Amino acid sequence: MISFFRRNQVLLSAFLSVLFSLYIIAPAAKGRLRADPIGPLLMALMRPLQAGIRATILETKRVYEGYVALRSVSTENEKLKARIVELEAETSRLLEVESTDRRLRELMEFRSGLPPGSITASVIGNSASTWFHSFILDKGKADGVEKGMAVVSPLGVVGQVVSVTSKNAKVLLITDPHSGVDAMAQRSRARGIVAGSLENGPIMKYVKRSEDIQEGDRLITSGLDGIFPKGLLVGSASTVRKKSFGLFQYVEVALAVDPSRTEEVMVVNTGPAQAKD
Amino acid sequence: MKLSLLFLSVGFILVLLQTTLLHLLPLGPFVPDLALVLCVYLGLNHPTVGAVVGIFVLGYSVDVFSSPVLGLNAFAMSLVFLTAYLSSRCIWIHNPLLSAPVVFFASWVKGASLMMVWTLFLTMDGLGIGGLKYAFFDAILAAILAPGMFALLKRGQSYVEELRMPL
């Protein structure tokens, strides 16, 4: 018996590992999640590395852009070249500062229209898998971020916080197939749920056949899900199809925000119990 | 012990790369699944109980940074390891180039297992053709990177094993 276990220890442990994974996943079927003792530790471990890599990327980008801008001044003498290098680098830095400043100012203006307790955060890491659309924020429980809070940008809805550690938060993006935002057409008030899809990008589900929705209609949050404040831009209806059967229309959505290009976001506190400011 | 440390560090670095630098590649939503290549490598070349635990932790780490539900990637990676381990009884890869088709197949196993769990445990629309497209491009990317990574891992493993050998 013991020799059987010893001979097949890898096979048995791999099998147990598969079963244990299913045991972890199982509560999700009922909409619950198991407590995660390792996640916060991993995130804390990775946080400085992710932030460091992000800073390195930005610095490399800045230096490279400075270098590219420099190549056209080859006829200048060495002294002027050196001066231009300095100036170009300075300009590049200032442009980056100005761009960041503009983005932050827009965020601040946008923030004034949001419920109190909203938090500004930066993206420091992305999803490690093709199959999931998420990113990691540099703010966590210590900054007032809670699970279930909405994540938005001045351009529109970005996603929702699905897990949070003391210094980080994981955001499920609106482009992920597991996400869902209660939305409505601004013109006709036709309602549905905007969710990601692996087929043709985000779609608006459960729009009744009788509802009036047309291509180009602006889609905004309805506020009825209790997560996203009412009136935030989600995107626009890019394709609307009524099949000859079925209860609902097929609506493809062009999102207002490209989450993969988002650098700063606002984490919005809609629940009255969560307000801290 | 040193070998376990090597693979643990490699796994840690791969997850870090997947969450940061690899997103700079112009591949749209696709992120090269380097963790999967490591998983197949361990299943074929270093199948131990430690590797099983390592693969579970690797999958769990990917879940921590990506998945809304914990355990999805841990499940898929464990299943890929199991498949690779069972395959290692009948295939033996000497040439790193041969790792490409094996990783391509393993990526499909991972994609299929993710879709299976989604269907069984979670409600999700929009799988179908889109899911197949994701699985295909994920598999192609992993297969392209597999020979290089296999060669590097093999070299690292040989180096550590030489260090362990008594003089």
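Residues numbered from 1 in each chain as written. Chains lettered and ligands numbered in written order. Predicted model: local features only at pLDDT ≥ 70, side-chain atom pairs only at ≥ 80, totals over all residues. Heavy atoms only, no water.

Looking only at helices and strands, one finds four helices and twelve strands in chain A. In chain A, which comprises 277 residues, the share counted as buried stands at 43%. In chain A, of all internal contacts separated by at least 6 residues, the share reaching a separation of at least 24 is 56%. Within the structure as shown, chain A displays about 14,600 Å² of accessible surface, and the carbon and sulfur contribution to it stands at 58%. (Helix = DSSP H or I, 4+ residues; strand = E, 2+ residues; numbered from the N terminus. Buried < 20%, exposed > 50% of the residue type's maximum accessible area, 1.4 Å probe, protein only. Contact = heavy atoms within 4.5 Å. Areas by Shrake-Rupley, 256 points an atom, 1.4 Å probe, with all protein chains shown as cover.)

With that settled, consider a nonpolar patch on the surface. A contiguous nonpolar surface patch, about 430 Å² in accessible area, is contributed by B:Phe136, B:Phe137, B:Ile140, B:Ile144 and B:Leu145. Within the element layout of this structure, B:Phe137 appears in helix 6 (residues 128–164). (Patch = residues over 30% accessible without salt bridge, like charges linked within 9 Å, V, L, I, M, F, W, Y side chains within 5 Å. Salt bridge = Lys/Arg side-chain N within 4 Å of Asp/Glu carboxyl O.)

The angle between the axes and the distance between the axes are what describe a pair of packed helices. Residues and elements named next belong to chain B. The contact between helix 1 (residues 2–19) and helix 2 (residues 34–45) brings their axes to 9 Å, and the two run at 160°. Between helix 1 and helix 2, the angle is such that the two are roughly antiparallel. Residues Phe7, Val10, Gly11, Leu14, Leu17 and Gln18 of helix 1 lie in contact with helix 2, whose contacting residues are Leu34, Ala35, Leu38, Tyr41 and Leu42. Considering only residue class, the contact of helix 1 with helix 2 consists of nine nonpolar, two polar and no charged. (Axes fitted to C-alpha atoms, helices over the stretch in contact; angles between N-to-C directions. Parallel < 35°, antiparallel > 145°, perpendicular 65-115°, else oblique. Nonpolar A, V, L, I, M, F, W, Y, C, P; charged D, E, K, R; others polar.)

Residues and elements named next belong to chain B. Confidence along chain B averages 85 in pLDDT terms, with 92% of residues attaining 70 or more. Here helix 6 stands out as the least confident element of chain B, with mean pLDDT 86; helix 2 is the most confident, with 92. As a predicted assembly, this complex carries a pTM of 0.70 together with an ipTM value of 0.86. (pLDDT = per-residue confidence, 0-100.)

With that settled, the discussion passes to the sheet that holds strand 8 (residues 203–208) of chain A. With antiparallel pairing, the six strands of this closed barrel are ordered in space as 6-7-8-11-10-9 (chain A). Each strand of the sheet is rotated relative to its neighbour by a mean of 40°, with strand direction disregarded. (Pairing = 2+ DSSP bridges.)

The partner chain B presents 59 residues to the 51 residues of chain A that form the contact. For the pair chain A and chain B, the summed buried area comes to about 5,100 Å², and 73% of that belongs to carbon and sulfur atoms. Summed over the shared surface of chain A and chain B, the number is 18 residue pairs in polar contact (both at pLDDT 80 or more). Listed by contribution, the elements that provide at least two residues to the side of chain A that touches chain B are helix 2 (9–25), helix 3 (39–70), strand 1 (119–126), strand 2 (134–137), strand 5 (169–173) and strand 8 of chain A. Here the side of chain A that touches chain B is built from residues that sort into 31 nonpolar, 16 polar and four charged. (Buried area = accessible area lost by both parts, 1.4 Å probe. Polar contact = N/O pair within 3.5 Å; in protein donor to acceptor, adjacent residues only side chain to side chain.)

We now examine the packing of aromatic side chains. Scanning the model with the defined rule gives 14 aromatic pairs over all chains in all. Note on B:Phe30 and B:Tyr134: the rings are 5.2 Å apart at their centroids and 55° apart in plane angle, and the pair reads as tilted. Residue B:Phe30 is found in the loop between helix 1 and helix 2, and its partner B:Tyr134 is found in helix 6; the two are separated by 104 residues along the sequence. Judged by relative accessible area, which is 13%, B:Phe30 ranks as buried. Owing to a relative accessible area of 5%, B:Tyr134 belongs among the buried residues under this scheme. Among the aromatic residues, those joined into a cluster by ring pairs are A:Trp131, A:Phe132, B:Phe30, B:Phe104, B:Trp108, B:Trp118, B:Tyr134, B:Phe136 and B:Phe137. (Phe/Tyr/Trp six-rings, centres within 6.5 Å; stacked < 30°, edge-to-face > 60°.)

Here the focus is the pairing of strand 6 (residues 181–185) of chain A. Residue and element names in this part refer to chain A. Burial analysis of strand 6 places five of its five residues in the buried class, the great majority of the element. Here strand 6 shows a buried face lined by Val181, Ala183 and Ala185 and a second buried face lined by Asp182 and Met184. Summarising the sheet, strand 6 and strand 7 (residues 191–195) pair through four bridges and their orientation is antiparallel. Bridging from a neighbouring strand, Asp182 pairs with Ile193 of strand 7.

Residues and elements named next belong to chain A. Spatially, 1-2-5-4-3-12 is the arrangement adopted by the six strands of the closed barrel, whose pairing is antiparallel. Looking at each pair of strands side by side, their axes are set apart by 45° on average, direction ignored. Pairing between strand 3 (residues 150–153) and strand 4 (residues 156–164): four bridges, direction antiparallel. Each residue of the ladder has a partner; that of Ser153, found in strand 4, is Gly156.

Examined against the element boundaries, A:Thr239 turns out to sit in strand 10 (residues 233–241). For A:Thr239 and A:Gly216, which are 23 residues apart along the polypeptide, the C-alpha to C-alpha distance reads 8.2 Å.

This next bit is on helix 4 (residues 78–112) of chain A. Taking 1.5 Å of rise per residue, 35 residues should cover 51 Å, and helix 4 of chain A covers 50 Å from first to last C-alpha, within 8% of that figure. Buried residues of helix 4 of chain A: A:Ile84, A:Ser92, A:Ser99, A:Leu107 and A:Phe110, and no others. (Expected span 1.5 Å × (residues − 1).)

With that settled, consider the pattern of salt bridges. Two side chains of opposite charge can pair, provided their charged atoms sit close to one another. Residues and elements named next belong to chain A. By the definition in use, this model includes five salt bridges over all chains. With a shortest N-O distance of 2.7 Å, Arg191 and Asp182 are connected by a salt bridge. On the accessibility criterion, Asp182 (9% relative accessible area) is buried. Measuring nitrogen to oxygen at the nearest pair gives 2.9 Å for the salt bridge that ties Arg187 to Asp217. Here the residue Arg187 occupies a position in the loop between strand 6 and strand 7, and Asp217 occupies one in the loop between strand 8 and strand 9 (218–221), the gap between them amounting to 30 residues. When salt bridges with common partners are traced through the structure, they connect Arg187, Asp212 and Asp217 into a single cluster.

Okay, the packing of helix 4 (residues 72–88) of chain B against helix 5 (residues 99–121) of chain B next. All names here are of chain B. At a minimum axis distance of 9 Å, the contact between helix 4 and helix 5 shows a crossing angle of 140°. Our classification of the angle between helix 4 and helix 5 gives oblique. The element helix 4 and its partner helix 5 pack so that their crossing is right-handed. Side by side, helix 4 and helix 5 meet where Leu72, Asn73, Phe75, Ala76, Met77, Leu79, Val80 and Thr83 of the first sit next to Phe105, Ala106, Val109, Lys110, Ser113, Leu114, Met116, Val117 and Trp118 of the second. For the contact of helix 4 with helix 5, a count of residues per class yields 13 nonpolar, three polar and one charged. (Left-handed = near helix turned anticlockwise from the far one by under 90°.)

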